[in-house]
Amino acid sequence: MENKSQPVVGVILLVLSLLLIVGVLSFAGPCGVHDDGSVSSCFWAGRALLGIGVVSTVLSLVRVFERDEGERRGLSLAVACLGVLVVCVPGALIDLCMMQTMRCHTVMRPFALGVGIALALVGGIDLTRRLLKLRHA
Amino acid sequence: MNLKTYPLNSLRRHPARTAGLCVLVALLCSAVLGGSLVIGSLQNGLASLEARMGADILVAPKSASTTTNLEDILINGIPGYFYMDKSYVDKVAQVEGVERVSPQYYLASVKAGCCSMPVQIIGIDPQTDFTIQPWIDHSYGKELQRGEVAVGANITGQVGSTIRFYGRDCTIVAKLDNTGTALDNAAFCDVQTITDLIEGSVEQGIAVLTNNDPNNIVSTVQVKVDPDHNVQDVTDYINLHVRGVKAVRSKAMTTGVASSMAGISRVVGILVAVVWVLAVTVLFVALWVLGRQRTKEFAVLRVLGAPSNAVARVLVTENLIVSAVGALAGIAVALLAMLGFSGALEQALGLPFLLPSVPSMAIWALLTLAMALAVGVLTSAFAARRIAKVDASQILRDE
Amino acid sequence: MAQSQTIVEAKGVRKEYFRKGREAARYFDAVPQTDFVLERGELVEVTGRSGSGKTTLLSMLCGLLTPTEGVVLVDGQDLYALDDAKRSALRNERFGVIPQGQTPLADLTVLQNVFLPYTMYRDPGDVEQRALELLAVLGVAELSECYPQELSGGEMRRIAVARALICQPDVVFADEPTGDLDDHNTALVLQALRDAADAGAAVMLVTHEQAASAYADRLVKLGQ
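Residues numbered from 1 in each chain as written. Chains lettered and ligands numbered in written order. Predicted model: local features only at pLDDT ≥ 70, side-chain atom pairs only at ≥ 80, totals over all residues.

## With respect to the overall build of chain B
Within chain B, the secondary structure is distributed over twelve helices and eleven strands. Taking 2.2 N^0.38 as the reference for a compact globule, 399 residues should give roughly 21 Å; the C-alpha atoms of chain B span a radius of gyration of 30 Å, well beyond that estimate. For chain B, the spread of C-alpha atoms along the principal axes amounts to about 100 × 45 × 30 Å. Residue pairs in contact within chain B that sit at least 24 positions apart in sequence constitute 80% of those at least 6 positions apart. (Helix = DSSP H or I, 4+ residues; strand = E, 2+ residues; numbered from the N terminus. Rg over C-alpha atoms; globule rule 2.2 N^0.38 Å. Contact = placed C-beta atoms within 7 Å.)

## Remarks on the interface of chain B and chain C
Tallying the contact residues gives 19 residues for chain B and 23 residues for chain C. Looking at the side of chain B that touches chain C, the elements with two or more residues in it are α1 (6-13), α9 (295-303) and α12 (392-397) of chain B. At four residues, α12 of chain B tops the list of elements feeding residues into the side of chain B that touches chain C. For the side of chain B that touches chain C, the class distribution of residues is nine nonpolar, six polar and four charged. (Nonpolar A, V, L, I, M, F, W, Y, C, P; charged D, E, K, R; others polar.)

## Quick word on the sheet that holds strand β11 (residues 245-249) of chain B
Sheet strands pair by backbone hydrogen bonding; their relative direction is either parallel or antiparallel. All names here are of chain B. Read from one edge to the other, the open sheet built from nine strands follows the order β6-β7-β5-β8-β4-β3-β10-β1-β11, with strand pairing classed as mixed. Whereas interior strands pair on both sides, the edge strands pair on one side only; in this sheet they are β6 (162-165) and β11. Strand-to-strand, the axes of this sheet are offset by a mean angle of 35°, without reference to chain direction. In the sheet, strand β1 (residues 57-61) pairs with strand β10 (residues 220-225) via three bridges, with the strands oriented antiparallel. (Pairing = 2+ DSSP bridges. Axes fitted to C-alpha atoms, helices over the stretch in contact; angles between N-to-C directions.)

## Side note on unusual backbone geometry
Residues and elements named next belong to chain C. In this model, aspartate 75 sits at a positive phi of 50°, which is unusual for a non-glycine residue. Within the secondary structure, aspartate 75 is located in the loop between β4 (69-74) and β5 (77-78). The phi dihedral of glutamine 168 is positive, around 50°, even though this residue is not glycine. Within the secondary structure layout, glutamine 168 lies in the loop between α5 (153-165) and β7 (171-175). The class of glutamine 168 is partly exposed, set by 14 C-beta atoms lying within 10 Å. (Buried ≥ 20, exposed ≤ 12 C-beta atoms within 10 Å, placed from the backbone.)

## What about the pairing of β4 of chain C?
All names here are of chain C. Pairing between strand β1 (residues 6-18) and β4: five bridges, direction antiparallel. From the neighbouring strand, arginine 14 faces β4, where its bridge partner is glutamate 69. The antiparallel pairing of β4 with β5 creates a hairpin that spans two residues between the two strands, and aspartate 75 there sits at a positive phi of about 50°.

## Some thoughts on the sheet that holds strand β9 (residues 218-222) of chain C
Residue and element names in this part refer to chain C. If you walk across this open sheet you meet the five strands as β6-β7-β8-β3-β9, and the pairing is parallel. The open sheet has two edge strands with one neighbour each: β6 (95-98) and β9. Averaged over all pairs of adjacent strands, the angle between strand axes in this sheet comes to 15°, irrespective of strand direction. In terms of strand pairing, β7 meets strand β8 (residues 202-206) through five bridges, oriented parallel. Of the residues in β8, the one forming a bridge with valine 171 is alanine 202. Contacting β3 (43-48), β7, β8 and β9, helix α1 (residues 54-61) runs over the sheet at an angle of about 155° to β8.

## Topic: the domain arrangement of chain B
All names here are of chain B. Examined at the domain level, chain B breaks down into domain 1 (6-48 + 258-397) and domain 2 (51-256). Summarising the inter-unit geometry, the C-alpha centres of domain 1 and domain 2 are found 48 Å apart. Across the contact, ten residues belong to domain 1 and nine residues belong to domain 2. Counting only elements with at least two residues in the side of domain 1 that touches domain 2, the list comes to α2 (15-53) and α8 (250-293). The element contributing the most residues to the side of domain 1 that touches domain 2 is α2, with four residues. Per-class residue counts for the side of domain 1 that touches domain 2 are five nonpolar, five polar and no charged. (Domains from an automatic or database assignment.)

## A short note on the packing of helix α4 (residues 103-136) of chain A against helix α10 (residues 308-349) of chain B
At a minimum axis separation of 8 Å, α4 of chain A and α10 of chain B run at an interaxial angle of 160°. The orientation of α4 of chain A with respect to α10 of chain B, classified from their angle, is roughly antiparallel. Seen from above, α4 of chain A lies across α10 of chain B with left-handed handedness. Listed contacts from α10 of chain B to His105, Thr106, Val107, Pro110, Leu113 and Gly114 of chain A of α4 of chain A are Leu336, Gly340, Phe341, Gly343, Ala344 and Gln347 of chain B. Residues that form the contact of α4 of chain A with α10 of chain B fall into these classes: six nonpolar, six polar and no charged. (Parallel < 35°, antiparallel > 145°, perpendicular 65-115°, else oblique. Left-handed = near helix turned anticlockwise from the far one by under 90°.)

## Some words on the interface of chain B and chain A
Each partner contributes residues to the interface: chain B has 17 residues there, and chain A has 15 residues. Taken together, the residues of the side of chain B that touches chain A break down into eight nonpolar, nine polar and no charged.

## Side note on the packing of helix α3 (residues 110-121) of chain C against α5 of chain C
Residues and elements named next belong to chain C. Between α3 and α5, the least distance of the axes is 7 Å, while the angle of their chain directions is 30°. For the element pair α3 / α5, the angle class is roughly parallel. Relative to α5, α3 is oriented so that their crossing is right-handed. Across the interface between the two elements, Val110, Asn113, Val114 and Pro117 of α3 pack against Ile159, Ala162 and Arg163 of α5. Residues that form the contact of α3 with α5 fall into these classes: five nonpolar, one polar and one charged.

## Comments concerning the nonpolar core
One recurring pattern in soluble globular proteins: nonpolar side chains tend to sit buried together. The biggest cluster of nonpolar side chains holds 209 residues, and the ones touching the most others in it are Val59 of chain B together with Leu61, Phe173, Leu193 and Val203 of chain C. Of the residues forming this core, the biggest block, 16 residues, is contributed by α2 of chain B. Residues lining this core come from more than one domain, with at least three contributed by each of domain 1 (6-48 + 258-397) and domain 2 (51-256) of chain B. With residues up to four places along the chain from it excluded, the contact list for valine 59 of chain B reads Tyr88, Val92, Thr220, Val221, Val223, Ile238, Val245 and Ala247 of chain B. (Core = buried A, V, L, I, M, F, W, Y, C linked by C-beta atoms within 7 Å.)

## So, the confidence of the model for chain B
Residue and element names in this part refer to chain B. Here chain B averages 86 in pLDDT, while 93% of its residues score no lower than 70. Across residues 112-116, where pLDDT falls below 50, the model places 19 contacts with residues more than four positions away in sequence or in other chains. For this predicted complex, the interface confidence score (ipTM) comes to 0.91, while the overall pTM stands at 0.81. (pLDDT = per-residue confidence, 0-100.)

## Examining helix α6 (residues 183-198) of chain C
Residue and element names in this part refer to chain C. With 16 residues, α6 extends 22 Å from end C-alpha to end C-alpha; this agrees with the ideal 22 Å at 1.5 Å per step. Among the residues of α6, those classed as buried are Thr186, Val189, Leu190, Ala192, Leu193, Ala196 and Ala197. Within α6, the buried residues cover an arc of 150° as seen down the axis, which keeps them to one side. Away from its buried face, by an angle of more than 90 degrees, α6 presents the exposed residues Asp183, His184 and Asp198. At its buried positions, α6 is contacted by β3, α4 (127-137), α5, β7 and β8. Just past α6, the residue glycine 200 takes up positive phi, approximately 115°. (Expected span 1.5 Å × (residues − 1). Arc of directions from axis to C-beta.)

Quick look at the structure:
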């Protein structure tokens, strides 16, 4: 059963990472560009989330095919940390718009929170399981 | 390994089956709790709106196309402004049956450092106001002074920071409690401040006023009717005898909201009921089929010396674990979704929407958990009863 | 007072079933009125043609099937006068039952299967060690961490035998325990049952196995 669960974790992380990218680029993106071409601060939060999503996707893809136990632990840790970063970017690290009714508050931020928490949990639980197994071995 | 640990072991050995059942229960609980919270939030929002309306009658200039503009501002959250001469305040106050009056002033900002979205600015007379002032008292406890604003819950601004309207800097002195209404998107100030802002708007070339002197205008007159008089009669009298204004019962504005809310609540309620019936049916059938597949397993336990009620307890315990885990997952998903996306939901519904308090949500969550556990026990009770009647010797002989 | 040699006694037990279909034979006797005795230290071989009621009789004697008529006494106590809970506890404490067919529980390892009857009512103590010893006697100790799906039919039968003996029962009921076994393993199983009888247990062995006669003290033929 242990061999079967390894790619499953990587696939879950990959799906979440791709969801982050697709979401930020479509239904859960920041507020749009203004008529005069200027952008709000939430635009940069969206850009940051996109970048993190790309990195997370690459790491998750490697995780799917990686066989070395130590590498797997490292990759799970990395993606879990990226999940925490996703949670922190909108609102905490990068300001969003002033009105709570704007799309960056009502859709982008809760979406990022959900995906970020999921990434952190899946990566964190996988890492913890592997460390415990290592300790008891 | 003994009969106490047997149920957990069974669940672990069949992860796909266990996960499937948990997901089913989670879906059931998410739907029930989510639907209940949506309906509860709509009811809360309506109650909040009715409380915020405060006045029995709202008097606005006839030229402001009356009710529509008022609804836009107070209910739909579309910033706007209109003005009439200040003398109308006294005229309305003198109408028989009017207990007290208070003027309000509306202004919409163009850009206030908030993503080019206009913000509704509402000016009140702290001495006479009886709709907004009590709400400000609750959060701030003092009268607003010149240059000070209290902002609604949806405006991102720290207390003590500055917000700029029409070239005038105002200090945020209070952030008001969430009401789930359009007033959460507004900023509130006193008469002097809004007069300054109106002057500022004129300076910036925004033609909010036509011929009026900024010091002699009001937007609406809020009216409280004497309890001994009929509100409709007073409304009709004002409309007949006070020229140039239109009087509207605040109840008339909330009635439309109430019926929309009732319609949506009904739809949500039906959807929740459908999901509930489907999920419980599928759960029942799944547990029944699984129970039948495990008849031999239970017969062997009986042969080894397990009494029939202990065997039934194994099945019920398995289902309780699945129900508990599924329920907790479903409740977590529903709560996170509601807390995270309540803003988006409010905008999509276009109605006042105020999440219940934390204790209320906790009670709803506990009720949902209890319901899931009850469903788990009841659906397994049928299978458990069948097991209790199993003729172990016949089952094993058939091999 | 000296312990009576008779531990299980069936007096006039009969089992009637209702069979749907044929008009003339609505009710039929799976087991006609029968007396049967099991004595301590004795291995009784029970044979008979298919449908003669061997398994039905075994089920009635071990408390799994209420007779239509008659009594089953265990050390003089009416077995079916007890409620289900007491009867089940007695079966666990004093009987070891090896049912027909493949009966290890699929979700437990071989070792867990063997010691489950013991831990149903008792603290585990050193039961795991005893279970391993029993498995060793039956030649399947190396399979202790395997699951039944990984075993052959013969291996599963031997595990069922070990499971029946884990509580050191006073009576062993064995229904075709050597089906699917080769000669060597058949001999292992029969010897284990013989050893249980020599240790003082009463053993009822329902079988078609020719080799069983060499291990039995008494032969009972049903259906004659």
